[in-house]
Amino acid sequence: MQRLFNLQLLHWGYNCKTSTELSRGNRTAMASLPFSILIFGGTGTIGKHITGAILSAKASPGHSISIFTSESTASNPDKQTLLFAWKSQGLRIITGDINNTDDVTRAYEGVDVVVSCLGRNSLLAQTDLIRLAENSASIEWFFPSEYGTDIEYDASSKDEKPHQNKLKVREFIRNDIHRVQCTYLVTGPYIDMYLSLMPGVEAIGGYDVGSKKAVVVNSGNDAVGFTSMPDVGKLVVAALRNPEEAKGKALKVQSFVTTPIEIVREFEKQTGAEWTTSYTPIQELRDLEEQLWEKNNPVATAATLRRIWAEGRTLYEKTDNEKLGLGLGDMETLSEVVGRAIDAASKSE
Ligand SMILES: NC(=O)c1ccc[n+]([C@@H]2O[C@H](COP(=O)([O-])OP(=O)(O)OC[C@H]3O[C@@H](n4cnc5c(N)ncnc54)[C@H](OP(=O)(O)O)[C@@H]3O)[C@@H](O)[C@H]2O)c1
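Residues numbered from 1 in each chain as written. Predicted model: local features only at pLDDT ≥ 70, side-chain atom pairs only at ≥ 80, totals over all residues. Heavy atoms only, no water.

Looking at an unreviewed UniProt entry, one finds the chain named NmrA-like domain-containing protein and attributed to Xylaria bambusicola.

As structure tokens, then:
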């Protein structure tokens, strides 16, 4: 535990000055957001957390928070309960097609900031959305959908297949966007998702509470930087509260750093039982990854990302958490997230 704590301190570059930073974080945490914000993909897997956090932060008087969603989502009974609850919190719901210029142009009227949480299948549609933002009268800031692995971590990143569409969006912004400022929130893997085992490809790693089984890559002792999904929402809000630190940047943020084996130990502690752990050598993961890509299996993306994470490409000497006014006590811990995974598993039994 002490090791984990030290890893966290090291990873945030934490020092005695942070009490000032923390009080800054707490002070800014009280302020409502001085923007009109439009969210794309706001009911999606990570979009739900981002929209929820932005709504909780509230827009200051004279500003609005809206989501742009498809007709199919707006009429989906599974999503209507959520949309109804958000509406009662003041959310405006705009329906339309992200590929329809008129729909998007209308939705952009009076908007200052766009937060895109679009899924992998629609990442490239963002180039038109950003171009329309550049041509709009009011939009000054755009968050393209990232919230994941660092696509420009090192020289090898440009060749990774799952990064290609996000790289194209960044390239487009570098070449063609001059007025609107963009922020990429780089969060690394979501710990919440990392804690499950994918049926059929268990070898890529994960955890199963029901059978108390874990699969780790190599020895399981290689550190990985994670963000919890609720913390992604919190971090987007922190970026919105700190425009001078966030605008025009790829922000590297995390909840904590830990190792796959430390996660097993946390599960063992909280379930009061010994878990069975299997070990996948990294070469075996690479071979599996190649086979999945050859077969056009969509799980290939997960296999590649798991390999990148196991290779250490989520680690930084210092993250940008502190710049956004977030200190150690502001982020979720491994213990909380593991507790949530155990609760969810017991409810689904
Ligand atoms: N760090 C990680 O571990 C991790 C894990 C998963 C995802 N991510 C990243 O998070 C971001 C969002 O991914 P997600 O999984 O949350 O997305 P998602 O749930 O798959 O989709 C988000 C939203 O995008 C819209 N959408 C999806 N497909 C569309 C299509 N073909 N045409 C138009 N709209 C479409 C939908 O919005 P409406 O129905 O409202 O229109 C949907 O709710 C991505 O950049 C992804 O790479 C990171």
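We are not done yet, so read on.
## A closer look at the site of the ligand
Note the following rule: We define proximity as follows: a residue is near a molecule or strand when any one of its heavy atoms falls within 4 Å of that partner. Polar contact is defined as a pair of N or O atoms within 3.5 Å, subject to the rule that within protein one atom must be able to donate a hydrogen and the other to accept it, and that residues adjacent in sequence are counted only when both atoms are side-chain atoms. Surface accessibility in these figures is a Shrake-Rupley result with a 1.4 Å probe; residues are shielded only by whichever protein chains are displayed. Each residue gets one label: Ala, Val, Leu, Ile, Met, Phe, Trp, Tyr, Cys and Pro are nonpolar, Asp, Glu, Lys and Arg are charged, and the others, such as Gly, are polar. For the domain bounds, the source is a domain assignment made automatically or taken from a database.
In the region of the ligand, 25 residues are neighbours, and Thr-45, Thr-69, Thr-73, Ser-145 and Lys-166 sit closest. Here an oxygen atom of the ligand sits 3.0 Å away from a polar atom, N or O, in the side chain of Ser-70. Between Lys-166 and the ligand, the recorded distance is 2.8 Å, taken from a side-chain N or O atom to an oxygen atom. Across the complex, the protein chains shield 75% of the 900 Å² of accessible surface that the ligand would expose by itself. By residue class, the composition of the shell around the ligand is 9 nonpolar, 12 polar and 4 charged. Here the shell around the ligand spans two domains, since at least three of its residues come from each of domain 1 (1-16 + 188-228 + 255-315 + 329-349) and domain 2 (31-182).

## Quick notes on a negative patch on the surface
Selection rule: Surface patches are defined over residues having more than 30% relative accessible area and no salt bridge, joining like charges when they lie within 9 Å and nonpolar side chains (Val, Leu, Ile, Met, Phe, Trp, Tyr) when within 5 Å. For this analysis, a salt bridge means a side-chain nitrogen from Lys or Arg found within 4 Å of a carboxyl oxygen belonging to Asp or Glu. In this tally, Lys and Arg are treated as positive and Asp and Glu as negative; His is ignored, and so are the chain termini. In plain terms, the charge of a residue is placed at NZ if it is Lys, CZ if Arg, CG if Asp and CD if Glu. Numbering goes from the N terminus for both helices and strands, where a helix is a DSSP run of H or I of at least four residues and a strand is a run of E of at least two.
A surface patch of negative charge is lined by Glu-284, Asp-287, Glu-290 and Glu-294. By secondary structure assignment, the location of Glu-284 is in helix 13 (residues 282-294).

## Remarks on the pattern of salt bridges
Short version of the rule: Each residue is assigned to one of three classes by its accessible area relative to the maximum for its type, calculated with a 1.4 Å probe on protein chains only: buried under 20%, partly exposed between the two thresholds, exposed over 50%.
Summed over all chains, the structure comprises 21 salt bridges. Between Asp-154 and Arg-313 there is a salt bridge whose closest N-O contact spans 3.0 Å. Pair noted here: Asp-154 is in the loop between strand 5 (141-143) and helix 8 (164-176) and Arg-313 is in the loop between helix 14 (300-310) and helix 15 (334-348), with a separation of 159 residues, a long-range link. On the basis of relative accessible area, Asp-154 is assigned to the partly exposed category, the value being 34%. Since its relative accessible area comes to 17%, Arg-313 is described here as buried. A salt bridge links Glu-332 to Arg-340; the shortest N-O distance between them is 2.8 Å. Glu-332 sits in the buried class, given a relative accessible area of 12%. Given the relative accessible area of 33%, Arg-340 is considered partly exposed. Residues participating in the shared-partner salt-bridge network are Asp-154, Glu-160, Arg-286, Glu-289, Arg-307, Glu-311 and Arg-313.

## Observations concerning the sheet that holds strand 9 (residues 213-217)
Let me state the cut-off plainly: Note: two strands are recorded as paired if DSSP finds a minimum of 2 bridges between them. Axis angles are defined between N-to-C directions and span 0 to 180 degrees, where every axis is a line fitted to C-alpha atoms and, for a helix, only to the segment in contact.
If you walk across this open sheet you meet the 3 strands as 8-9-13, and the pairing is mixed. Either end of the sheet is taken by a strand with one partner, and the two such strands are strand 8 (206-208) and strand 13 (276-280). Averaged over all adjacent pairs, the angle separating strand axes in this sheet is 15 degrees, with direction ignored. Across 5 bridges, strand 9 lies against strand 13 in parallel orientation. Residue pairing for strand 13: Lys-213 is matched across the bridge by Thr-276.

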